[in-house]
Every structure is written in C-alpha cells, then in structure tokens.
There are 2 protein chains.
Amino acid sequence: MSILTGKALVAQGGGPTAVINQSVVGVVLEARKYPQIQRIYGAIGGVHGILEENLVDLTQETEGNLELVAATPSSGLCSTRDKPDAEYCKKLFKVMQAHDIRFFFYCGGNDSSDTVRIVNEEAKKAGYEMRCVHVPKTIDNDLMVNDHCPGFGSAARFVASAIAGANLDNRALPGVYIAVIMGRHAGFLTASSALAKVYPDDGPHLIYLPERAFDPDKFIADVNACYAKYGRCVIAVSEGIQDKNGTAIITKLSKTVEKDAHGNVQLSGTGALGDLLANLIKEKTPIKRVRADTYGYLQRSFLGCVSSTDQKEAREVGQKAVQFAVLHGKDGSVTIHRVGDYAVDYRLSALTDIAALTKHMPDEFINKEGNGVTKAFIDYCRPLIGGDLPPVARFRAPAVEKILGK
Amino acid sequence: MSILTGKALVAQGGGPTAVINQSVVGVVLEARKYPQIQRIYGAIGGVHGILEENLVDLTQETEGNLELVAATPSSGLCSTRDKPDAEYCKKLFKVMQAHDIRFFFYCGGNDSSDTVRIVNEEAKKAGYEMRCVHVPKTIDNDLMVNDHCPGFGSAARFVASAIAGANLDNRALPGVYIAVIMGRHAGFLTASSALAKVYPDDGPHLIYLPERAFDPDKFIADVNACYAKYGRCVIAVSEGIQDKNGTAIITKLSKTVEKDAHGNVQLSGTGALGDLLANLIKEKTPIKRVRADTYGYLQRSFLGCVSSTDQKEAREVGQKAVQFAVLHGKDGSVTIHRVGDYAVDYRLSALTDIAALTKHMPDEFINKEGNGVTKAFIDYCRPLIGGDLPPVARFRAPAVEKILGK
C-alpha cells in the first residue's frame, strides 16, 4: 500500500468568525503529526490567493504564535467572496498540482464546501490523487447535516449579550428597541437573542425570522400589544425577513437597495432595515421613542466575546479534517453531531450533502405565532454559547408608601 | 453642634452606563455606615420618579443582591430624560420634604448636575436643610473639572474592542468600514477607537471628531489616500460631527431628521449617518465595498464588557458623595482628578462648575490634520479601559516562492 505524500494547503473562505482561526490552527498542528505531510501551506485570501499563487509556509510558525492567532477573531489568512465555477477551479487545481499539494482543507460555509466539491471533482478527472476536506464555519448556523456550525456559538453569545444589555437599557428608558441581526435565510442567530431573558418581562419580547413570512400589519399589532402589556418593547429581527412571496422586506420598504457581487441585496453594513421598521412604528403607532440598532460586523468579529464551546469545537473540526484525510484517505465535509446533553461527535459527510445547501430553523424551534422561539430552541442553543452570560440582577427594594398621594 | 438627621434619596438620570449601578450601590453601602441616615430610598425613573413619589426602600436590600446589581449594566433604578426647570424642581423638593429626605444623591451627566443645583437652591430658599450631591456619570466623558467620568472607561473598552475586531474583519475582506460612535459634542469615545491599533497598518486609519469641522471633500481625499496606501480603510466617526458653521452633518446630508424631546437632532438609534457617509464614498470614489456600522446602545449597555478601573471608580464616587455630604456637610459634585500614572483622587467641586457645561477634547489630543488622535490621547485613555484588550496576533509564516509565475 502506497502512502499519499506531499504538501497540505489550508485556506479560509467567506465571512470571518470569532473562531475560524482555531480551525486553521487545528489543521496545522494536527498535520504536523504526520510525516507524509511535508509542508503545510496557507493561502492568503482564500481561493483567490490560491489563484494568485499567494501562499505562505505555515510549517515555519511557532506553536506559541499559532495559539495566539487561534484566539484572535477573523480570518488570519484573509478571506474572499469569490465563488469559483468549474473554470476557476481548474486554475486552482493547476496551482495545487504545481506545488504538489496533496491535502486541501478549506474552512468556510456552504459556498466554500461547493468549491471543495468542484476542486475534488477536477482532481479526480485529472487522475491526480488529492484529499479535499471542507472544514465547517458559519455564524448563520445554516449548514446541512450539522447539529450546529463553528462560529455560531460565539456570534450567538454576542447577540445574547447585546440584547441582554439593550433590554436593561430599554427598561431604564422605555420605548421600542429594534435590533437587526445577521442571517439572510436562517434565523438561528436572531433566535439566539432569546437567551438574554432572565426575568419574565425581559426582552426580546418579539423575534422575527426569515423562516416565517413577515407581515407589517401583524408586526404593528404585535408591537402595540407588547407595549400595552409592558410599557416597552424589545424586538430582535433578522436582516433577511421576507414577505409571503419571498421578497426581502428591505426591498419592499426601501426605494434604493444595493446588490452585492452575487446579485444578493446588501443586508449587512447598512442601518436601512432597522430605520425602515422604526419609521413604520412611528407612523402607525402613537409610540414616540423608537430606536434601532443594526449589530452588523460586531456579531462575527467583536474582540473578547467568544464561546469556549465554540473555540474547542472549531479547533477539533480542523484536527478531524486532517485525520479523515490522512488516516482514512477520505474526501468530504466534517460535520458536528450532538450525541449527548451536552456532547458532540464529528463525522465525515459527503460534500454533496452540504455544498450550496441551506439549513433552516426547524418548525419546533419557532412559536405558533411566528414571533418568538420555543423552549426546544433555548435547550438547543444554550450549551453552544459556552457557559452562562454574566449575571443580571434587579433591585428588590419594596415600594415606599406615598405621603403626598395622588 | 446639631447633626443633620433624616433619610437619603438616590436616583439615576440620563443615559445608562455599564457602571452606574456601582455608584448607586456605593451610595447605599456607604450611607449604611452613618446612624443619622435612617433610611435610604431610591427613586424609580430619576427625577420623574421623585415627582410621582415612586420610591423604594433600599435599606431593605441584602448586600449580596446589591453587589449583583452593581455588576449589572444600565440604570437599575431606571432613568428619565426629564430636564427639570425651577417649577419642576419645586415639586421635587416638596416630595423630598414630605419624606424627610435630608441627603439627595443624583447620578448623571451635566443635565443631572444642573437638576441637583436647582434643587439645592430651592432647599436653601425654603430654609430646609438638605445636602445635595451630584454623582458623575457619562460615557461621553464631557463633564468639566473631571479628568474623566465614570461610564466612559467601559464604553471606551467596548469601542476599542469593536474596532479591533472590525479592523481584523476589514483586513480579511478589504474595503471601507465606517463605525459611527456616540458623542454629540465631545469626541472622547470616538477617539478611544485608537486603542484598537496593534500593528502599524491596523485601523482605525481615520478618526473624525465633533471638535473639528468635518469637510466632505477632505473626507473623501483622506479615504482615497488611505485606500491607496493600505488597500482598505477603517474609519471611526462621531455621531456628532459638524461642518464649520456647527451644523450637524447628518442634517446636511439627510432630508428628514428627527428631533428629540429637548429639540436635539436624533443621532443615536438610527443608522442614517453611517449610511449617508457610505453612500458619499460610493458616489465619489471607485471603491466598491463600503460598509457602515452604527454602534448604538451597545456602547453603553453591552453585557460583559466593562472596565475594572471604571467599576472601581464608579463605586468610589458614590461612596465619596456620601462622605462629602455626611462628614463634611457639603453640597457639590464629586469630581475625579488624576494624581499619578495611574492614580486618582476625588474632590467635591461646585455644582456651578459642572452643571449644564460640556468639556471637549483638548487640542493636544487631536492630530494636526484633524483626522486622528495623538500619543497624548492614547496615554490618557489607556489606563481607563481597565487592562489590556485580549491579544491580537497575525500569522508570521514566510511567503512561498511562486512556481507558475508572475
């Protein structure tokens, strides 16, 4: 039996996360254990870096520095939004061949797993032996097969911490507060705002997800009912909310929208949706104080907000990717499976089961009214954020009897 | 000599901070030491709560719960945006008289200190003996006399952590990133973004403050120059930037603006300024990827981002307020003075030196070009954020020689 020998290449694609460097470092440190991997290269800027032959030799990194980078948010090797087609992948494959790359590890979401799938097919067509493994990552938590995705837990911790604070702020100065949260097609991250609740009257009081058609009239009725009950209202809304025909609400309410390189409407990096919803409430209700925050890039990059569970798992998917490639000689996508409360196992799934597909919030996680989440979701999400949030407490002092009266 | 004996009343006014509950708890725990303070009441909702006789008896709090609330962000006694005039203060004074309040402690910014000043004068006019002490708080860091204000250090830590992460994100996926930061008249909080820099090419590359006239043409020239140099650009901009005539840029660029209860233009709780600046760059430069985040309420309320220095000082200004009132029989505003590197002392200043006045960034903290800060500002700000930010590291792997060429 001949042992596949050559270099390994690792790269990062798509949006950064708080823990994607853990995965790269997991790949690098695990790969160092196998003599058949002669060098470990990193591509600067994802597949675009491979195309440009923009490679670095990660073999020449100290373990100390690798550990520091692992704990640093965002994509240390830099990323790309390029979505390679077959032609592009052929060029990638040529570069890999030239450098005798025999192990390719790509950390990213469903677009990146599709790239791995195409490169893998090109290699097979050319009769070039090369292991290709997709290492999962996405704050949207929308990869098929996986119980959850590395990057999500830390982003969920950020969102829950942000909403917990915003709820306290809204309690101190009442009004309507809208938080616009990332997630174009999947509502997991918006739903994670529910972990902020401590007291029964805490926000988020209303949660709107892309999985349920958004009806502006129903929205206004919900806000009025909440405001009547609590004298305030904290709302978590996904940037990707759509009407019943699947049209993004931002395009319905706004006159000018921008489209990105893939023809998608720009949702992040703009406060437009929050402002539009705030204006809707101001127009249709007598409520005066209405504020909107769009959490934007902080959700995936804020320095110092990370889930310890997420960190550990992001490291392990990188390590497992190398083991599946080297010890089992397999191609595929590393997937996370929940096998206990709370424990996970890692498996290798077919790239075609992950690539370019999107997982949505299952029905049992969404309440009947379509404006909140269920206990099942809370139970699902809580272990992922890496321990309890800091405690939130209220004064419990009894009221003083009025003297002047009313 | 007769000892002033009666009840104490503590309240919180204006915008919440991460540490304002520390100040209330400082007042409560210190007041418990003096038998002449028979009860310690809290007003629910600041001066508005006093007006409504909406009081609670903080004497009946356990120390354990007080410590938990102290560590919780936002105003635990709830706040108000009411800006009392003489008539309003007369009513406040009537309530205090009815409840035999002899010690009044109000935590807030310059509006709140003005309230303390008026109440103090009303009491004097009525010949009612009452000590009135203002306990400083504001994330804007704009109270006169003070070296810095409780609340600022934690907000600065949030902003620096956010920009550090956003800079890493922008490095991974290059483009222009704009962060809109709180501060209507004072640029301290926006300036604190500079603490995020580790490597010489790190952002924020450009910082715009309300203390310098904002010129859109100069702004575009700055962005172009930065982009040419680094291939990317991270910008921190104060929500309160103004043109050379003092007109808020948001009103110049936007057609519809909202005014708050005080007739001020609404700057927070909307993404409008960030979107306007992003559109300006898209119009006037060839740069395609331009994103804006408005940090909004997270800056003052995010759960789990707090400066240990700020926590300690916020507690101490509350304690000192009680000592000045009880042990010295004085009215005034507790002020923080830097007496070492790094050490502070607390003094009691005249309310008229603080009330309704605004401190600005001194010239030596702003660079000559008006688009950044100086080393003097960094030295001033660094001790306030309560220890280093989490480490930020980069891969140091050397480049691999190209085989296919270029």
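Just so it is clear, the model here is predicted, and its values are computed rather than measured.

A. Structural context of the overall build of chain A. The secondary structure content of chain A amounts to 13 helices and eleven strands. Taking 22 Å as the expected radius of gyration for a compact globule of 406 residues, we find that chain A reaches 23 Å, a close match to that expectation. Oriented by its inertia axes, the alpha-carbon framework of chain A measures out at about 90 × 45 × 35 Å. Residues counted as buried form 64% of the 406 residues belonging to chain A. For chain A, the share of sequence-separated contacts (at least 6 apart) that also reach a separation of at least 24 residues comes to 77%.

B. Looking closely at the relation of the copies chain B and chain A. Mapping chain B onto chain A calls for a screw motion: a turn of 180° about the axis and a shift of 0.0 Å along it, with 0.0 Å RMSD after fitting. These values place the two chain copies in the arrangement generated by a two-fold rotation axis. Within chain B, Gly271(B) has its C-alpha nearest the rotation axis, a separation of 2.1 Å. Comparing interface residues between copies, 100% of those in chain B also lie at the interface in chain A; the contact surface is shared.

C. Focus on empty space enclosed by the protein. Here the structure, examined in full by the defined rule, presents seven cavities of 30 Å³ or more. Space inside the largest cavity adds up to approximately 90 Å³. Taken together, 13 residues line the largest cavity, and the ones lying closest to its centre are Thr270(A), Gly271(A), Thr294(A), Gly271(B) and Thr294(B). Put simply, the parts of the chain that give the lining of the largest cavity at least two residues each are strand E9 (290–294) of chain A together with strand E9 (290–294) of chain B.

D. Quick peek at the domain arrangement of chain A. All names here are of chain A. Per the domain assignment, the segments making up chain A are domain 1 (6–150 + 306–353) and domain 2 (153–304 + 361–385). At the interface, 21 residues of domain 1 touch 21 residues of domain 2. Together, the buried faces of domain 1 and domain 2 total about 1700 Å²; carbon and sulfur atoms form 56% of this surface. Here domain 1 and domain 2 share zero salt bridges between them. Along the contact surface separating domain 1 from domain 2 lie eight residue pairs in polar contact (both at pLDDT 80 or more). Residue classes in the side of domain 1 that touches domain 2 are distributed as eight nonpolar, six polar and seven charged.

E. Broad picture of helix H5 (residues 110–125) of chain A. Residues and elements named next belong to chain A. The terminal C-alpha atoms of H5 lie 23 Å apart, and with 16 residues this matches the ideal 22 Å at 1.5 Å per residue to within 8%. Within H5, the full set of buried residues consists of Asn110, Ser112, Ser113, Asp114, Thr115, Val116, Ile118, Val119, Asn120, Glu122 and Ala123. After H5 finishes, the residue Gly127 shows a positive phi value of roughly 65°.

F. Molecular detail of the side chain of Arg394(B). By the element assignment, Arg394(B) lies in the segment after helix H13 (375–381). On the basis of relative accessible area, Arg394(B) is assigned to the buried category, the value being 12%. Engagement of the side chain of Arg394(B) in a polar contact is seen with the side chain of Asp202(B), the distance being 2.9 Å. Sequence-distant contacts of Arg394(B), that is, excluding residues within four places in its chain, are made with Asn65(A), Val69(A), Arg171(B), Tyr199(B), Asp201(B) and Asp202(B).

G. Spotlight on the packing of helix H1 (residues 20–31) of chain B against helix H3 (residues 63–70) of chain B. All names here are of chain B. Look at H1 against H3: their axes get within 8 Å of each other, and the N-to-C directions meet at 155°. Judged by the inter-axis angle, H1 sits roughly antiparallel to H3. In contact with Asn21, Gln22, Val25, Val28 and Leu29 of H1, H3 contributes Glu63, Leu66, Glu67, Val69 and Ala70.

H. Representation of the pattern of salt bridges. All names here are of chain B. Enumeration over the complete set of coordinates arrives at 36 salt bridges over all chains. Here Asp111 makes a salt bridge to Lys83, at a shortest N to O gap of 3.8 Å. One end of the pair, Asp111, is in helix H5 (residues 110–125); the other, Lys83, is in the loop between H3 and helix H4 (86–98), and 28 residues separate them in sequence. Since its relative accessible area comes to 33%, Asp111 is described here as partly exposed. Here Arg131 ties to Asp331 by a salt bridge, and the two come within 3.1 Å at their closest N and O atoms. With Arg131 in strand E5 (residues 131–136) and Asp331 in the loop between helix H12 (308–326) and strand E10 (332–340), this pair connects stretches of sequence that are 200 residues apart. Residue Arg131 is classed as buried on the basis of its relative accessible area of 12%. When its relative accessible area of 22% is taken as the criterion, Asp331 is described as partly exposed.

I. Region of interest: the side chain of Glu61(A). Mapped onto the elements, Glu61(A) comes out in the loop between strand E3 (55–57) and helix H3 (63–70). Non-local contacts of Glu61(A), meaning those with residues more than four positions away in its chain, are made with Arg32(A), Leu66(A), Phe395(B), Arg396(B) and Ala397(B).

J. Summary view of the packing of aromatic side chains. A full pass over the atoms with the stated rule returns 29 aromatic pairs over all chains. Cluster of aromatic residues (ring-pair linked, three or more members): Phe158(A), Tyr295(A), Phe302(A), Phe158(B), Tyr295(B) and Phe302(B). Cation over ring: Lys320(A) sits above Phe324(A), and NZ or CZ is 5.4 Å from the ring centre.

K. Seen up close, the interface of chain B and chain A. The partner chain A presents 90 residues to the 90 residues of chain B that form the contact. Here chain B meets chain A over a buried area of about 7100 Å², counting both sides, of which 61% is carbon and sulfur. Of all residues in chain B, the largest losses of buried area upon contact with chain A belong to Leu303(B), Phe395(B) and Val400(B), amounting jointly to 11% of the total for that side. Put simply, chain B and chain A have two salt bridges between them.

L. Just the state of the cysteines, in detail. All names here are of chain B. Inspection of every chain in the model, using the stated rule, returns zero disulfides over all chains. For Cys132, which is in no disulfide, the shortest distance to another cysteine sulfur is to Cys89 and amounts to 9.9 Å. Residue classification places Cys132 among the buried residues on the basis of a relative accessible area of 0%.

M. The arrangement of unusual backbone geometry in detail. Residue Pro204(B) follows Gly203(B) across a cis peptide bond; omega there is 5°. Here the bond from Asp341(B) into Tyr342(B) is cis, since omega is 15°, no more than 30 degrees from zero. Summarising the element assignment, Tyr342(B) is placed in the loop between E10 and strand E11 (343–349). For Glu53(A), which is not a glycine, the phi torsion comes out positive at approximately 60°. Position of Glu53(A) relative to the elements: it lies in the loop between helix H2 (46–51) and E3. On the basis of relative accessible area, Glu53(A) is assigned to the buried category, the value being 4%. Unlike most non-glycine residues, Ala356(A) shows phi in positive territory, near 60°. According to the relative accessible area criterion, Ala356(A) is partly exposed, its value standing at 48%.

N. Structural view of a nonpolar patch on the surface. Residues and elements named next belong to chain A. Together, Met144, Val145 and Leu357 line one region of the surface with nonpolar side chains, adding up to about 200 Å² of accessible area. Residue placement: Met144 occurs in the loop between strand E5 (131–136) and helix H6 (152–172). For Met144, a relative accessible area of 30% corresponds to the partly exposed category.

O. Here's a closer look at the packing of H4(B) against H5(B). Residue and element names in this part refer to chain B. H5 packs onto H4 with a crossing angle of 65° between their chain directions and a minimal axis gap of 9 Å. Judged by the sense of rotation from one axis to the other, the crossing of H4 with H5 is right-handed. Mapping the contact onto sequence places Ala86, Cys89, Lys90, Leu92, Phe93 and Met96 in H4 and Thr115, Ile118, Val119, Glu122 and Ala123 in H5. Residue composition of the contact of H4 with H5, grouped by class: eight nonpolar, one polar and two charged.

Definitions and limits used
Residues numbered from 1 in each chain as written. Chains lettered and ligands numbered in written order. Predicted model: local features only at pLDDT ≥ 70, side-chain atom pairs only at ≥ 80, totals over all residues. Heavy atoms only, no water. Helix = DSSP H or I, 4+ residues; strand = E, 2+ residues; numbered from the N terminus. Rg over C-alpha atoms; globule rule 2.2 N^0.38 Å. Buried < 20%, exposed > 50% of the residue type's maximum accessible area, 1.4 Å probe, protein only. Contact = heavy atoms within 4.5 Å. Least-squares fit on C-alpha atoms with pLDDT ≥ 70 in both. 1 Å grid on protein atoms, 1.4 Å probe; cavity = no way out; pocket = protein on both sides within 12 Å on 5 of 7 lines; lining within 4 Å. Points joined across faces, edges and corners; volume = space filled by probe spheres on them. Domains from an automatic or database assignment. Buried area = accessible area lost by both parts, 1.4 Å probe. Salt bridge = Lys/Arg side-chain N within 4 Å of Asp/Glu carboxyl O. Polar contact = N/O pair within 3.5 Å; in protein donor to acceptor, adjacent residues only side chain to side chain. Nonpolar A, V, L, I, M, F, W, Y, C, P; charged D, E, K, R; others polar. Expected span 1.5 Å × (residues − 1). Axes fitted to C-alpha atoms, helices over the stretch in contact; angles between N-to-C directions. Parallel < 35°, antiparallel > 145°, perpendicular 65-115°, else oblique. Phe/Tyr/Trp six-rings, centres within 6.5 Å; stacked < 30°, edge-to-face > 60°. Lys NZ or Arg CZ within 6 Å of the ring centre and 35° of its normal. Disulfide = S-S within 2.5 Å. Patch = residues over 30% accessible without salt bridge, like charges linked within 9 Å, V, L, I, M, F, W, Y side chains within 5 Å. Areas by Shrake-Rupley, 256 points an atom, 1.4 Å probe, with all protein chains shown as cover. Left-handed = near helix turned anticlockwise from the far one by under 90°.

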